[in-house]
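Report on the structure
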Amino acid sequence: MIGLISATAAGAAARDRLAAAWPDRTRVYEGPVGDAVRAAFAECEQLVCFLATGAVVRLVAPLLGDKASDPGVVCVDEGGRFAVSLLGGHGGGANGLARAVGGLLGAEPVVTTATDAAGLPGLDTLGFPFEGSVATVSRALLDGEPVALEAELPWPLPALPTAPRGSYTIRLTDRAVEPGEREVLLRPPSLVVGVGASKGAPVEEVLGLVEAALRDAGLSAASVAELATVDAKSGEPGIVAAAERLGVPLVTYSAEELAKVEVPNPSDAPLVAVGTPSVAEAAALVRGGELLVPKRKSEAQPAMATCAVVRRPGRGRLAVVGLGPGARDLLTPRAEAELRRASVLVGLDQYVDQIRDLLRPGTRILESGLGAEEERARTAVAEARAGHAVALIGSGDAGVYAMASPALAEASDDIDVIGVPGVTAALAAGAILGAPLGHDHVSISLSDLHTPWEVIERRVRAAAEADIVVTFYNPRSRGRDWQLPKALAILAEHREPTTPVGVVRNASRPDESSRLTTLVALDPATVDMMTVVTVGNTATRDIAGRMVTPRGYRWQEGSQEEAK
């Protein structure tokens, strides 16, 4: 819960905007400010105080306990200009909260945490349990000291400016080892514990068995991602309580699924009881992985619980990111977050240059020139399969004449794929021209490098006959100068010569240019590959110099007439 505290009418107005936007996440604290801050500090995970930072410092200072447990505190000034992460930037989530509050209220987030200011991910914010000298190793990263990354298993970490060797170490491991003096251990969620239990098995027996199995195998309980069992045991109190105490989800599978899993130690007892020859081993192995601890029984007499432990490999992560038409303010926040999440960036060299400053230190960049789209797609998928967090970038929306299609043609279900939409050239051009896409519309690429011209011509003709607004991508290059005139001629068979046509070059970029002309007046020689051409339908009009295609809610008008 986020506690909201204000002292003035202006602060209360901003407070109420936040409360209205996040009704399930916030609670307003009324009354004297000191009492409100003390109550919220004790009851909430985070606070947003619409007060001066000095006042909040004095109010929370006597309440401070430990950075691992204190709530995150954000201050918003009286004018609503700044959202300041004051306390608990990492542990309390105040840095992220300051950005979220700033985005909602139009305030500038102020984050002074050293790693954030330097563009480095905080080692305590990666989402993994961690142990060791976070402050010491983080300081070494900030100071440019050589810090080695020892990943004992592949995992899609964000970029870190690490070296092959160093006096400081970040170690990604699920083994039960103690951190060194200059070391941070990151615990990936790599272990799955399969469990089986007789009816009424006490939680102490189930939990004791799991902990003993991990301890004897030299594995860390902090890396347990889930407990797994058969559906028939989904409500078994001892198993449910063991998962709760470990702080992990309980995942269940049908007996039919588990019976198909090959295991080293099948048994007749679970086959009779729940319909599968294995519960613990099969539940741990059903999604693949390496069996580290074969089925073992608890030591109670009679034994009422079994468990097995499997290490699942980390799944690589491929984010296919649309950068938009080129303007930085049309790059979506989600796209920016994915760029900063990646440890490997794959893209066309000129697109990499657009966003190079957004990448975290240590990001590995794999760039290439025009014409290497399929090679970039294969490279991105291969890097993800190697366990990395990869961002594959394209202009506009990555799924529209860009990199998503070739990448997903290469990818299989052994990696996670995240699509990040972007503002397309057609949308950017449409906004500049007015509202040409106000009714049904279609985008057609006139490049016949990958599509036979006969297919393109058939699509243009279908759009012409259907009276649909058409946006042409890749309309004309030095080696392809006849396709656009041909396409325009096809449209002219079905539309008046005065049909509005919008021509936009480098939409949203500093050298943007646009003009509104007509189907008969457009000179194809003035068009190049940096241009999109939008041809209106029979309803499109030039209204005050803007290209407008009416939506035409005639069915509504008819319905209203009938109602009379």
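As shown above, the structure is provided for reference.
Presented here is an overview of the structure given in this document. (Residues numbered from 1 in each chain as written. Predicted model: local features only at pLDDT ≥ 70, side-chain atom pairs only at ≥ 80, totals over all residues. Heavy atoms only, no water.)

**Remarks on the pairing of strand E4 (residues 72-76)**
Definition in use: The rule is simple: take the accessible area with a 1.4 Å probe, protein chains only, and divide by the maximum for that residue type; under 20% is buried, over 50% is exposed, in between is partly exposed. Working definition: helices are DSSP H or I runs of at least four residues, strands are E runs of at least two. Numbering for both runs from the N terminus. Here a strand pair is declared whenever DSSP counts at least two bridges between the two strands.
Of all five residues making up E4, five are buried, and the element is well covered by its neighbours. Of the two faces of E4, the one carrying Gly72, Val74 and Val76 and the one carrying Val73 and Cys75 are both buried. Relative to strand E5 (residues 82-87), E4 is paired through four bridges, and the arrangement is antiparallel. What sits directly across from Val73, in E5, is Leu87. Between the antiparallel neighbours E4 and E5 lie five residues, among them Gly80 with a positive phi of about 65 degrees.

**Points about the sheet that holds strand E8 (residues 147-151)**
Rule in force here: The convention used is that axes are lines fitted to C-alpha atoms, helices contributing only their stretch in contact, and that angles between N-to-C directions extend from 0 to 180 degrees. The contact definition used throughout considers only heavy atoms, calling two residues in contact when any of these lie within 4.5 Å.
A sheet is described by the order of its strands in space; here four strands give the open sequence E7-E10-E9-E8, paired in mixed fashion. Edge positions in the sheet fall to strand E7 (130-132) and E8, since each has one partner strand and no second. When strand polarity is set aside, the average angle formed by the axes of neighbouring strands in this sheet is 15 degrees. As paired elements, strand E9 (residues 168-172) and strand E10 (residues 183-186) share four bridges and run parallel to each other. Bridging across to E10, Arg171 finds its partner in Leu185. Relative to the sheet, helix H6 (residues 134-142) contacts E7, E8, E9 and E10, its axis offset from that of E9 by approximately 115 degrees.

**Some thoughts on the sheet that holds strand E12 (residues 224-230)**
With mixed pairing, five strands are arranged side by side in an open sheet as E13-E12-E11-E15-E14. Two strands bound the open sheet, and with one partner strand each, they are strand E13 (250-253) and strand E14 (290-297). Strand-to-strand, the axes of this sheet are offset by a mean angle of 25 degrees, without reference to chain direction. Relative to strand E15 (residues 305-311), strand E11 (residues 191-197) runs antiparallel, the two being bridged by seven bridges. From the neighbouring strand, Gly196 faces E15, where its bridge partner is Thr306. Helix-sheet contacts for helix H8 (residues 237-246) involve E11, E12 and E13, and the interaxial angle to E12 is about 175 degrees.

**Topic: the environment of Asn537**
Mapped onto the elements, Asn537 comes out in the loop between strand E26 (531-535) and strand E27 (541-543). Put simply, Asn537 and Thr549 are twelve residues apart on the chain and 7.6 Å apart in space, counted from C-alpha to C-alpha. Those residues in contact with Asn537 that sit more than four places away from it in its chain are Asp467, Ile468, Val469, Arg495, Thr499 and Thr549.

**Quick word on the packing of aromatic side chains**
Here is the rule: The pairing test for Phe, Tyr and Trp rings, Trp by its six-membered ring, is centres within 6.5 Å, and the orientation test on the planes gives stacked under 30 degrees, edge-to-face over 60, and tilted for anything in between. Each ring is checked for a lysine NZ or an arginine CZ that lies within 6 Å of its centre and within 35 degrees of its normal; such an atom marks a charge sitting over the ring.
With the rule as written, the count across this model stands at two aromatic pairs. Between Tyr401 and Tyr473 the ring centres are 4.8 Å apart and the planes differ by 50 degrees, which places this aromatic pair in the tilted class. Residue Tyr401 is located in the loop between strand E19 (389-394) and helix H15 (404-410), and its partner Tyr473 is located in strand E23 (residues 469-473); the two are separated by 72 residues in the primary sequence. On the basis of relative accessible area, Tyr401 is assigned to the partly exposed category, the value being 43%. Measuring from centroid to centroid gives 5.0 Å for Trp453 and Trp482, while their planes differ by 70 degrees, and the two rings are edge-to-face. Pair noted here: Trp453 is in helix H17 (residues 453-465) and Trp482 is in the loop between E23 and helix H18 (483-492), with a separation of 29 residues, a long-range link. The exposure class assigned to Trp482 is partly exposed, which follows from its relative accessible area of 42%. Positioned above the aromatic ring of Trp22 is the side chain of Arg25, whose terminal nitrogen or guanidinium carbon lies 4.2 Å from the ring centre.

**Comments concerning the pairing of strand E16 (residues 317-322)**
Both faces of the sheet carry side chains from a regular strand, because those side chains alternate between them. Counting buried positions along E16 yields six of six residues, so the element is predominantly enclosed. Neither face of E16 is exposed, since Arg317, Ala319 and Val321 on one face and Leu318, Val320 and Gly322 on the opposite face are all buried. As judged from the five bridges shared by E16 and strand E20 (residues 416-420), these two strands associate in the parallel manner. Of the residues in E20, the one forming a bridge with Val320 is Gly419.

**Focus on the packing of helix H1 (residues 9-21) against helix H4 (residues 94-105)**
Cut-off, in case you're wondering: What sets the label is the angle itself: under 35 degrees gives roughly parallel, over 145 gives roughly antiparallel, 65 to 115 gives roughly perpendicular, and the rest give oblique. In the scheme used here, Gly and all other residues not listed as nonpolar or charged are polar, with Ala, Val, Leu, Ile, Met, Phe, Trp, Tyr, Cys and Pro taken as nonpolar and Asp, Glu, Lys and Arg as charged.
Between H1 and H4, whose axes approach to 11 Å, the crossing angle comes to 105 degrees. In terms of axis orientation, H1 runs roughly perpendicular to H4. Packed against H1, whose contacting residues are Ala14, Arg17, Leu18 and Ala21, the element H4 presents Val101, Leu104 and Leu105 at the interface. Classifying every residue of the contact of H1 with H4 gives six nonpolar, no polar and one charged.

**Considerations on the side chain of Ser6**
Our working rule: Any pair of N or O atoms that falls within 3.5 Å is considered a polar contact. Within protein, one atom must be able to donate a hydrogen and the other to accept it, and sequence-neighbouring residues count only if both atoms are side-chain atoms.
Examined against the element boundaries, Ser6 turns out to sit in strand E1 (residues 2-6). Reaching out from Ser6, the side chain makes a polar contact with the side chain of Arg15 at a distance of 3.1 Å. Ignoring anything within four residues of it in the chain, the contact list for Ser6 reads Gly11, Ala12, Arg15, Val33, Phe50 and Leu51.

**A short note on the packing of helix H7 (residues 203-216) against H8**
For any two helices packed against each other, one specifies the inter-axial angle together with the distance between the axes. Which entries qualify depends on this criterion: For any helix crossing, the convention is left-handed if the near helix is rotated counterclockwise from the far helix by under a right angle, and right-handed if that rotation is clockwise.
Remark: H7 packs on H8, axes separated minimally by 8 Å, with the N-to-C direction vectors making an angle of 55 degrees. With respect to their mutual orientation, H7 and H8 come out oblique. You can see that H7 and H8 cross each other, and the crossing is right-handed. Counting all contacts with H7, which are made through Val203, Glu204, Val206, Leu207 and Val210, the residues of H8 involved are Gly238, Ile239, Ala241, Ala242, Arg245 and Leu246. Taken together, the residues of the contact of H7 with H8 break down into eight nonpolar, one polar and two charged.

**Points about the environment of Leu330**
Locating Leu330 in the fold gives a position in the loop between E16 and helix H12 (333-341). When the C-alpha positions of Leu330 and Asp35 are compared, they lie 43 Å apart, and in sequence the two are 295 residues distant. Excluding residues that lie within four positions of it along the chain, Leu330 makes contacts with Leu323, Gly324, Pro325, Val423 and Ser508.

**Here we look at the pattern of salt bridges**
Pairs may arise between side chains of opposite charge once their charged atoms sit close together. The condition is simple: Note on definitions: salt bridges are taken to be side-chain nitrogens of Lys or Arg within 4 Å of carboxyl oxygens of Asp or Glu.
Evaluated as defined, the whole model comprises 28 salt bridges. One salt bridge in this structure joins Asp35 and Arg38, with 2.7 Å as the shortest N-O distance. Within this pair, Asp35 and its partner Arg38 are both found in helix H2 (residues 33-43), separated by three residues, close to a single helical turn. Under the relative-accessibility criterion, Asp35 is labelled partly exposed at 43%.

**What about H18?**
Side chains of residues three or four places apart in an α-helix project in the same direction, reflecting 3.6 residues per turn. Note the cut-off: Arc definition: directions from the helix axis to the C-beta atoms.
Taken together, the buried positions of H18 are occupied by Gln483, Leu484, Ala487, Leu488, Ile490 and Leu491. Buried positions in H18, seen along its axis, are confined to an arc of 155 degrees and lie on one side of it. Buried residues in H18 make contact with H17, E23 and E26.

**Here's the deal with the state of the cysteines**
When the sulfur atoms of two cysteines share a covalent bond, that bond is a disulfide. Inclusion rule: Cysteine sulfur atoms that pair up within 2.5 Å are treated as a disulfide.
Inspection of the entire model under this criterion finds zero disulfides. You can see Cys44 has no disulfide; the closest cysteine sulfur is in Cys49, sitting 10 Å from it.

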